[in-house]
Every structure is written in C-alpha cells, then in structure tokens.
Amino acid sequence: MGRRDRLISTSILRAIFKTGSSPDNEDAQPGVLARILAFFAIFNLSLARYRTRLFKKLRNEIWQIEEEEYTESFRSPSKNKRSDLVAIGDLGYSGSTFFTTPNSKYLIKSLPRAFEQSFFRDRLLEPYVEHMELNEDSLLVRITDLLYAPTTTLGAAIGTAPSHHIVMENILYGKSACAKHHQEQWETYDLKPNDYFYPERDVAGGRLAPESVKDRLIDEFPDKIRVTIDEKEELVAQLTRDSKILQGNNAVDYSLFLVRYPADLEHVPPPPGRASSWRSGILSRDRKWIYRAIVLDFFWAKDALQAQTMTGLVKVFNALKWGKDHGPMSITTTSSEYRQRFLAMVDNMVEVPDSAGRPSGEVRSGTPSSAEV
C-alpha cells in the first residue's frame, strides 16, 4: 500500500475507533484550533462518523451485526502488526478508491463526487433506513457507516483525499479464505441495462476512454442464472420493492452486483449480519454454482446538475452526427424507465423450468413484472 493509501486508511480507522465517534458525542463540533489543523491536511483528513446512532441502529437491530465484532473487523488479527485497511485500488469509473477491513467482512468505498455525497446524506438516507426497517431481506447493499470530514480541508478541496467514505458489507466475503486457485474461480458481474448510451464506450469508436476504463464501465453476464421458480420469484419481488424506493427518490444508474463461485467449494462463510437467501448464497439448479446478489451504486439522482449536463452532452453528440443518434444514457433517463429496464434485465437473465421441466426465462403468474410499480 502506498503512502497516500496508508494515510487515508489511518484517517478512516481513527474515525472508527476514536471516542468522539460514540453516539453520546455525535453532535460534538471540533474547536477552532482543531479546525485550523484539519484545514491543512492533505491526505490524512480528520474524519467523523455521520449520524452515529442511526447507523448503529441499522447494524445492531436491523441487520443483527454484533457491535464489538463489527469494530474488531477493523483491527489487524495480529497484535504485533499495524492495523491497516487493505487497499484494493481504483475499481470504478468515478475514481473511487476501495479498501477492505483486515478480515474482509466490510468494504470501504470513497465518494469523491459532491453530488453523490449530498444525495445519499441529505435525500436518500432517511428513506433508505425506513426501507431497511420494513424490508429485512432488502438486497440494497447494507451501508454500515458514513464517514465524512466535518470541516473544510485542503486535501478534499484539491482532490488529494476524499472527504466521504461509506462502509458496507462485502458480498465477496469468504473468497480470501479460499486457496488461490479457488479464488480465481469466483466470478463477479456489475450489471446494468446494456441498451443505454455510454459515451465513453460508444462515441467516435470509443476513443473517449482507455480500454481499462471501458472494460469496467458495463459488464455482461454470458450465461443464465439457473434457479427454481420460487427462487426467481423471490429475487424479482425483492428487487421490485427495492427499486421502488430508488425510483421514488429519482435514483438511476444503480446496478445488480452478481457473484458466483463453484458449489463444490467447502466452508465458504456468508457475509456478516442477518442472513437472506440471495445474500448468503443460492445453489443453482444444476448444482454447479452458488449465486449471491445485491444492488449497488444508487447515488446518482436524475435531477442532479451533472445528469442534466450529460443530457446536453448527448444532444451535442447527436448534433455532430458521430455515428447513429444516441438514446438516453443510464444517468440521464427517467427513474421509472431505468427501473423498468433494470427489472427486465434481471427477468431475462434468470432461467427457470416451465411446467414441463424445460428451461424457461418466463416468470409464472403472480410474480411482479418489470413494469410493476
């Protein structure tokens, strides 16, 4: 891990462990001297936990995550070793940086873009908490903490270090415990409706971004998810409920994060917290794979200034006649249309047997359709 990552890791760990991040002190404000010192931080920002009581309630009461076990996840298993997070690099087109806790149970993702931070913090958080209270099996990723810089810092202003991080469950938990050759058998897919326009990939022969970025921009699942009719109905029904809250708050561009690994791998532990079937793992009908699935990246609002700007950009591309006319982007379409295409994508990729026992991609009567609201 480089110096920058180590300093960012230190600031995250300090926020998790410091006394001032306890629920009894969540409204405490730093003094004048602390604000001055914090301003000049470049990488090692002074972070705090946001809405500490709220996230503790989610962890303990809703998701049944034991608090001491959660905190210990951030410590090194060796008493003689420095407690550092594990950097896993820049995995997203947004420029986010990622860490895992030493035991791989939790993933820490930076939110470098201000409109993502404000959308989740100020607009989506309360509906998200209410939804989680009413839907214990929700497949929206479990966000266990939000860390933020409570004062202005030079590092955040010039972009050397992010001012916001989310801590969330790691749906890949268990992979690192496997032998290396078994780890290579785990597959991950970040799935979005692929019939939208992606300028980084599509315009002018795709020259707006390097291949390494375009490869991460959109995944395609080259197979079918083969499960029972009941298991498909459960998945579609839950995603219908989850996507309804996202549509209600005008969110777009979220994705289904699908994981599969060979079913013959032994002793793979489930992700932490209250178990749910699609989160813990579903056995495929042919008994070859275990599937896991959650919904990620629901931080882009359709009415954000950036989305409106990108809509104008699409019109410029079309006016310049760079190839065929381009339809809506995933980040500029309406939230209702995005939801319908998202659910249709899931419906099409899950294969179940029909009444005669033959494979079928159709859902039997009674399952919520992709157009249901």
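The name given to the chain in an unreviewed UniProt entry is Phosphatidylinositol-4-phosphate 5-kinase-domain-containing protein, with the source organism recorded as Paraphoma chrysanthemicola.

Bringing the overall build of the chain into the picture now. From N to C terminus, the chain includes 13 helices and 15 strands. Expressed as a percentage of its 373 residues, the buried residues of the chain come to 49%. Across the chain, every contact between residues at least 6 apart in sequence was considered, and the portion connecting residues at least 24 apart equals 76%. Per element, the accessible surface of the chain, about 17500 Å² overall, is 51% carbon and sulfur.

What follows covers the nonpolar core. Membership of the largest hydrophobic core comes to 88 residues, with the highest contact counts inside it found for Tyr128, Ile143, Ile225, Leu256, Trp278, Phe298 and Phe342. Looking at which element gives the most residues to this core, the answer is helix 5 (residues 114–134), with eight residues. Leaving out residues up to four positions away in the same chain, Leu256 has contacts with Tyr189, Asp190, Leu191, Leu239, Ala293, Ile294, Phe342, Met345, Val346 and Met349.

As a further point, take the environment of Asn60. Among the structural elements, Asn60 can be located in helix 3 (residues 52–62). For Asn60, a relative accessible area of 26% puts it in the partly exposed group. Along the sequence, Asn60 and Gly273 sit 213 residues apart, while their C-alpha atoms lie 8.8 Å from each other. Reaching out from Asn60, the side chain makes a polar contact with the backbone oxygen of Ile65 at a distance of 2.9 Å. Within polar-contact distance, the side chain of Asn60 engages the side chain of Glu67 at 2.8 Å.

This part covers the packing of aromatic side chains. Scanning the entire structure with this criterion turns up twelve aromatic pairs. Ring centres of Tyr70 and Phe74 lie 5.4 Å apart, and the angle between their planes is 80°; this geometry places the pair in the edge-to-face category. Of the two residues, Tyr70 and Phe74, both sit in the buried class. Between the aromatic rings of Tyr189 and Phe221, the centroid separation amounts to 4.9 Å while the plane-to-plane angle is 80°, which identifies the pairing as edge-to-face. Taken together, the positions of Tyr189 in strand 7 (residues 187–191) and Phe221 in the loop between helix 9 (211–217) and strand 8 (225–226) put the pair 32 residues apart, joining distant regions of the chain. Note on Tyr189: relative accessible area 11%, which makes it buried. Grouping aromatic residues by their ring pairs yields a cluster made of Phe120, Tyr128, Phe298 and Phe299.

Among the structural elements, Lys232 can be located in helix 10 (residues 229–248). At a separation of 3.0 Å, a polar atom in the side chain of Lys232 contacts the main-chain carbonyl oxygen of Val350.

Okay, the pairing of strand 4 (residues 106–110) next. With five of five residues buried, strand 4 is to be regarded as a mostly interior element. Here strand 4 shows a buried face lined by Tyr106, Ile108 and Ser110 and a second buried face lined by Leu107 and Lys109. For strand 3 (residues 97–100) and strand 4, the ladder comprises three bridges, and the chain directions are antiparallel. Looking at strand 4, one finds that Phe98 is bridged to Lys109. Between the end of strand 3 and the start of strand 4, which pair antiparallel, lie five residues, with Ser104 showing a positive phi angle near 70°. Examined bridge by bridge, strand 4 and strand 6 (residues 164–169) share five bridges and lie antiparallel to one another. Within strand 6, the residue paired with Lys109 across the bridge is Ile166.

Let us now look at helix 13 (residues 335–349). With 15 residues, helix 13 should reach 21 Å at 1.5 Å per residue; the first-to-last C-alpha distance of 21 Å fits that figure. Taken residue by residue, helix 13 has Ser335, Tyr338, Arg339, Phe342, Leu343, Met345, Val346, Asp347 and Met349 as its buried positions.

With that settled, the discussion passes to the packing of helix 10 against helix 13. Between helix 10 and helix 13, the least distance of the axes is 10 Å, while the angle of their chain directions is 165°. Regarding the angle of helix 10 to helix 13, the classification is roughly antiparallel. Considering how the two elements wind past one another, helix 10 and helix 13 form a crossing that is right-handed. For the pair helix 10 and helix 13, contact is made by Lys232, Leu235, Leu239, Thr240, Ser243, Lys244 and Gln247 and by Ser335, Ser336, Arg339, Leu343, Val346 and Asp347, respectively.

What follows covers the environment of Glu184. Relative to the assigned elements, Glu184 resides in the loop between helix 7 (180–183) and strand 7. By relative accessible area, which is 61% here, Glu184 ends up exposed. Once the C-alpha coordinates of Glu184 and Tyr261 are considered, the two residues, 77 residues apart in sequence, prove to be 9.3 Å apart.

Right, let's talk about the confidence of the model for the chain for a bit. Here the chain averages 81 in pLDDT, and 70% of its residues register 70 or above. Confidence drops under pLDDT 50 across residues 200–209; counting only partners more than four residues distant or on other chains, this segment forms 25 contacts. Note on residues 362–373: pLDDT is under 50 here. Beyond four places in sequence and across chains, it has 26 contacts.

What the four strands build is an open sheet, ordered 7-10-12-11; its pairing is antiparallel. In this open sheet, the two edge strands, each paired with only one partner strand, are strand 7 and strand 11 (282–283). Note: strand 7 against strand 10 (residues 255–262), five bridges, orientation antiparallel. Looking across to strand 10, one finds that Asp190 is bridged to Phe257.

Parameters at a glance
- Residues numbered from 1 in each chain as written.
- Predicted model: local features only at pLDDT ≥ 70, side-chain atom pairs only at ≥ 80, totals over all residues.
- Heavy atoms only, no water.
- Helix = DSSP H or I, 4+ residues; strand = E, 2+ residues; numbered from the N terminus.
- Buried < 20%, exposed > 50% of the residue type's maximum accessible area, 1.4 Å probe, protein only.
- Contact = heavy atoms within 4.5 Å.
- Areas by Shrake-Rupley, 256 points an atom, 1.4 Å probe, with all protein chains shown as cover.
- Core = buried A, V, L, I, M, F, W, Y, C linked by side-chain atoms within 4.5 Å.
- Polar contact = N/O pair within 3.5 Å; in protein donor to acceptor, adjacent residues only side chain to side chain.
- Phe/Tyr/Trp six-rings, centres within 6.5 Å; stacked < 30°, edge-to-face > 60°.
- Pairing = 2+ DSSP bridges.
- Expected span 1.5 Å × (residues − 1).
- Axes fitted to C-alpha atoms, helices over the stretch in contact; angles between N-to-C directions.
- Parallel < 35°, antiparallel > 145°, perpendicular 65-115°, else oblique.
- Left-handed = near helix turned anticlockwise from the far one by under 90°.
- pLDDT = per-residue confidence, 0-100.

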